[in-house]
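These are the residues of each chain, in order.
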Amino acid sequence: MIRGRTGLLPLILLLAACAGSPRTAPSPAPVPTAPSSPTPAPSGPVAPPPAEAQTPAALPGWGAEDHLAAFEAYADGCRADRSAAGRTQCARAQHIRQTSKPVTPSMARGFFETGFFIAPAATGDGGPGLLTAYFAPEYAASRTRTAEFDMPVLAAPAGWRRGQVLPDRAAIEAAPPTDVLGWMRAEDLFFMQIQGSGYLTFEDGSHARAGYAADNGRTFAGIARPMAERGLLPRNGTSGEAIRAWLAAHRGPEAQEVMALNPRYIFFKLDPDDGGDPPGAAGIPLPGRRSIAVDPAHWRYGDLIWIQADNGNLAGARRGYQGLVVALDTGSAIRGPVRADLYIGRGEAAGEEAGSVRHPLRMWKLVPRP
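Every residue gets a number counted from 1 within its own chain, in the order that chain's sequence is written. Since the coordinates come from a predicted model, pLDDT governs what is reported: local features require at least 70, and pairs of side-chain atoms require 80 or more to be given and counted, while whole-chain, interface and lining totals use all residues. With hydrogens and water stripped out, all remaining heavy atoms of the structure feed into the side-chain values.

Regarding its fold elements, the chain presents 10 helices and 13 strands. Burial here depends on accessible area, computed with a 1.4 Å probe over protein chains only, as a share of the maximum for the residue type. Under 20% is buried, over 50% is exposed, and the range in between is partly exposed. Within the chain, buried positions represent 52% of all 370 residues. A contact between two residues is defined here by any heavy atoms of the two lying within 4.5 Å. The long-range share in the chain, meaning contacts at least 24 apart out of those at least 6 apart in sequence, stands at 84%. The numbering of helices and of strands both runs from the N terminus, where a helix is a DSSP run of H or I of at least 4 residues and a strand a run of E of at least 2.

Right, dumping it as structure tokens:
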């Protein structure tokens, strides 16, 4: 998700901010698709690994990993790592790519096991962190206002400066719109603003990517918890799809009042749709299921991370996620050393899955060897 400076704010921010604290994870067991990680090393010379340092082979579920897919994601995203050791391993990955046709799964596994050692991330209380997920949404849009497509996609205000505080969501939506880029269904625009970007298909068949351009400087507030507290949705039924369905069914003043509980507002710019995935805050396209948004106070872009997340507490959630991912994004609600937002991919199916991810999380950093 492009977050912070460039877009895609997590859908799960909306969900995670509201569903109570996650269930404590039992002793983790290998599962279908996801990872965990530690606090990043400072950017300067990298000390040699401690004598007791373990290779990635010690990670739970390592043998079941798709090492080749992980290698490709790392090789695509590792240029974001500016540390000396990170550059060394990134160059090594590029060399393997160039000289080995093809790269085999065993070569990929050997690359990780010889080039990195693992260091666990930890929360302040020693408990699990939290995994949520996000996606690149695709929405129908209109060039003109209609009864159905009645919410404007607004361009950034002239002279906008980062950190500038503008009117809240309700006030912006009540004012006559200017610099309109297109029109959307109200609930779709609301979710695209949570994600920070999205892909639009207009009635004439043309496509565009709506990218983050500016915000109103207001703090994000999730609406899932207040919806549950008001009895609008059950407490374990606040997935993205459940929220969207409620908003669509109550389109008009009732839904507008609920969406106004989140005062943050995102403005957009339109670019051509290249058919790929959006770039994250690191400026690199996000590989589906192999990239995460992290807290930059604890992680660096380009960090290689193993996540393990089991037993989500939202209705319809998959059992868990496990695997190697690359830190390529950030988000305003992604805070702490064991907190990650997993980029699932693009489109409706990815959105349905992302909306049900709220899993207790463990993370390990794969620290590059000098």
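Attention now moves to helix H2 (residues 67-77). All of the buried residues along H2 are His-67, Ala-70, Phe-71, Ala-73, Tyr-74, Ala-75 and Gly-77. Lining the buried residues of H2 we find helix H3 (84-99), helix H4 (105-115), strand S1 (116-120), strand S10 (304-310) and strand S11 (320-329).

What follows deals with the sheet that holds strand S3 (residues 138-141). If you walk across this open sheet you meet the four strands as S3-S6-S7-S8, and the pairing is mixed. Either end of the sheet is taken by a strand with one partner, and the two such strands are S3 and strand S8 (266-271). Averaged over neighbouring strand pairs, the angle between their axes works out to 40 degrees when direction is ignored. One ladder, built from four bridges, connects strand S6 (residues 198-202) with strand S7 (residues 207-215); its direction is antiparallel. The residue bridging Thr-201 from the neighbouring strand is His-207, located in S7. Convention adopted: a line fitted to C-alpha atoms gives each axis, helices being fitted over their contacting stretch, and angles between N-to-C directions are expressed from 0 to 180 degrees. Those strands touched by helix H6 (residues 186-195) are S3, S6, S7 and S8, and its axis lies near 90 degrees from that of S8. Strands were regarded as paired on the criterion that DSSP finds at least two bridges between them.

Here, two cysteine sulfur atoms that lie within 2.5 Å of each other are counted as a disulfide. Scanning the entire structure with this criterion turns up one disulfide. Across the disulfide from Cys-78 sits Cys-90; the S-S distance is 2.0 Å. On the S-S bond that ties Cys-78 to Cys-90, the torsion sits near 60 degrees, and the link is right-handed. Taken together, the residues span a long stretch of sequence, with Cys-78 in the loop between H2 and H3 and Cys-90 in helix H3 at a distance of 12 residues.

With 58 residues, the main nonpolar core has Leu-131, Met-192, Leu-247, Ile-305, Leu-342 and Met-363 as its most contacted residues. For this core, the leading source of residues is H6, giving six residues. Within this scheme, the nonpolar core is defined by two criteria: the residues are buried Ala, Val, Leu, Ile, Met, Phe, Trp, Tyr or Cys, and they are joined through side-chain atoms within 4.5 Å. Counting residues in hydrophobic clusters, the runner-up holds 32 residues, among them Ala-70, Phe-71, Ile-96 and Tyr-343.

Here we come to the confidence of the model for the chain. Here pLDDT means the predictor's own confidence in every residue, given as a number from 0 to 100. Averaged over every residue, the pLDDT of the chain is 86; the share at 70 or more is 85%. When the criterion is pLDDT under 50, residues 1-46 qualifies, and its contacts beyond four places in sequence or with other chains add up to 229 contacts.

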